[in-house]
Amino acid sequence: MDSIIPRFEKMGARVKVTQTARQVAFWFNRGMRPAAPVTIDIQRDRKGEFFDVRYRPDVTVEVIDVRPADRHLLLMVREPKGPRQVTKSKFLCGHDERAWFVAAVPESSSASNVPTAKEALKPEVVRREQSRKHIKSKDLGKRHTDAYIRQGEWFFLPLPQMVVDSRLILRNEPISRGRGKPHRCEFVYRTGGQTVWVNRKYPNGLTPAQYAALPSDQREASGWRWMVRDPSVFARGAIRHADHKTIILPCWHLVQMNTETQSRAMRNVAFLD
């Protein structure tokens, strides 16, 4: 696996590669379970950020495309599932504005290089809009086009004719995919979706029925709050995040998250910005 080190160095990144055990002990010491085939994280030491790649001995990890000028590469992981079966997972690793990142690529996309991996991470509505507005191929990787503005994993599609009742506008509102640092929006309007109970243990939320099924001591613990899951979200004004340049949306924009959550391989990504 040391062969991946020079490929990361070629795009200007440091990487530490570690082989892990095939099994790990349960945290409550009741047995063993298979270790994750691979885990990928962004760590920091005295020299700065680096990619931390840990893999099982039965797993193959290789870089299948590297774009030094773009500071991106595509990593592929092959995990044996039987005598004749191999599961492939792909991860886009790169630098976005101020920091390194890693994103799991949906398996359904058949991405074979960095550009196709980037396209695979775009929601269908984003791809339709860039097609409708005839965005040139050379501009598809840009963060700002006539079809959308991107900040990290979030895409914002302009809706210049949209008008919202001022009484329904939320201010200084976070948008988040669960764990990780939220992006903070100056103005947000939400509609639809499902109301859920959220706390630190359940960042993606529980439905009222799931919450009611919890033991009473868990329901009575502090930190619970109501949130709306999977609504239609629209944003306007300044969008801020510590790892990204602030963007200004002059009109209402439809907010869409990238497709990473559609990937089974996302469970192997420890990094969340």
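Residues numbered from 1 in each chain as written. Predicted model: local features only at pLDDT ≥ 70, side-chain atom pairs only at ≥ 80, totals over all residues. Heavy atoms only, no water.

J.: Looking at this model, I keep getting lost on the sheet that holds strand E6 (residues 60-67). Mind explaining?
T.: The strand order across the open sheet formed by four strands is E6-E7-E8-E9, and the pairing between neighbours is antiparallel. The outermost strands of the open sheet, each flanked by one partner alone, are E6 and strand E9 (99-105). Averaged over all adjacent pairs, the angle separating strand axes in this sheet is 25 degrees, with direction ignored. (Pairing = 2+ DSSP bridges. Helix = DSSP H or I, 4+ residues; strand = E, 2+ residues; numbered from the N terminus. Axes fitted to C-alpha atoms, helices over the stretch in contact; angles between N-to-C directions.)

J.: Sorry if this is basic, but what is going on with the sheet that holds strand E4 (residues 38-45) here?
T.: Pairing between the strands of a sheet is mediated by backbone hydrogen bonds and can be parallel or antiparallel. The sheet built from three strands is open, its strands ordered E1-E5-E4 with mixed pairing. Taken across any chain shown, the strands that pair with only one partner, and hence form the sheet edges, are strand E1 (15-19) and E4. The mean inter-strand angle of the sheet, taken between neighbouring strand axes irrespective of direction, is 25 degrees.

J.: Which parts of the structure should I look at to understand the environment of Ala 104?
T.: In this fold, Ala 104 is placed in strand E9. Take Ala 104: its relative accessible area is 0%, and that puts it in the buried class. C-alpha of Ala 104 to C-alpha of Pro 80: the two residues are 24 residues apart in sequence and 19 Å apart in space. Filtering out sequence-adjacent residues up to four positions away, Ala 104 remains in contact with Lys 90, Phe 91, Leu 121, Glu 260, Ser 263, Ala 265, Met 266 and Val 269. (Buried < 20%, exposed > 50% of the residue type's maximum accessible area, 1.4 Å probe, protein only. Contact = heavy atoms within 4.5 Å.)

J.: When you look at helix H3 (residues 124-132) in this model, what are you seeing that I'm missing?
T.: Each turn of an α-helix holds 3.6 residues, which means side chains three or four residues apart point in the same direction. The complete set of buried residues in H3 reads Val 125, Val 126, Glu 129 and Gln 130. The arc that holds every buried residue of H3, seen down its axis, measures 130 degrees, which confines them to one face. The outward face of H3, more than 90 degrees from its buried face, is lined by the exposed residues Ser 131 and Arg 132. Summarising the contacts, the buried residues of H3 are in contact with helix H2 (114-120), strand E11 (154-158) and strand E17 (244-257). (Arc of directions from axis to C-beta.)

J.: Even after reading the chapter, I still don't get unusual backbone geometry, so can you show me in this structure?
T.: Most peptide bonds are trans, and most residues other than glycine sit at a negative phi. With a phi close to 55 degrees, Ser 110 is a non-glycine residue in the positive phi region. For Ser 110, the position within the fold is in the loop between E9 and H2. Using a relative accessible area of 59% as the deciding quantity, one classes Ser 110 as exposed. Backbone geometry at Asn 172 places phi at a positive 50 degrees, although glycine is not the residue there. Position of Asn 172 among the secondary structure elements: in strand E12 (residues 170-175).

J.: Looking at this structure, I do not really get the layout of surface pockets. What am I missing?
T.: By rolling a water-sized probe across the atoms, one finds the places where empty space is left. In this model, the second largest pocket occupies a volume close to 480 Å³. Lining the second largest pocket are 30 residues, with His 72, Asp 96, Phe 101, Arg 150 and Gly 152 positioned closest to its centre. Of all the elements in the fold, those that place two or more residues in the lining of the second largest pocket are strand E8 (86-96) and E9. Of the residues forming the lining of the second largest pocket, the biggest block, five residues, is contributed by E9. Classifying every residue of the lining of the second largest pocket gives eleven nonpolar, six polar and 13 charged. (1 Å grid on protein atoms, 1.4 Å probe; cavity = no way out; pocket = protein on both sides within 12 Å on 5 of 7 lines; lining within 4 Å. Points joined across faces, edges and corners; volume = space filled by probe spheres on them. Nonpolar A, V, L, I, M, F, W, Y, C, P; charged D, E, K, R; others polar.)

J.: Help me out: how do you make sense of the pattern of salt bridges in this one?
T.: Two side chains carrying opposite charge are able to pair once their charged atoms lie near each other. With the rule as written, the count across this model stands at 21 salt bridges. With a shortest N-O distance of 2.1 Å, Arg 78 and Glu 62 are connected by a salt bridge. Residue Arg 78 is found in strand E7 (residues 72-80), and its partner Glu 62 is found in strand E6; the two are separated by 16 residues along the sequence. Arg 78 sits in the partly exposed class, given a relative accessible area of 26%. (Salt bridge = Lys/Arg side-chain N within 4 Å of Asp/Glu carboxyl O.)

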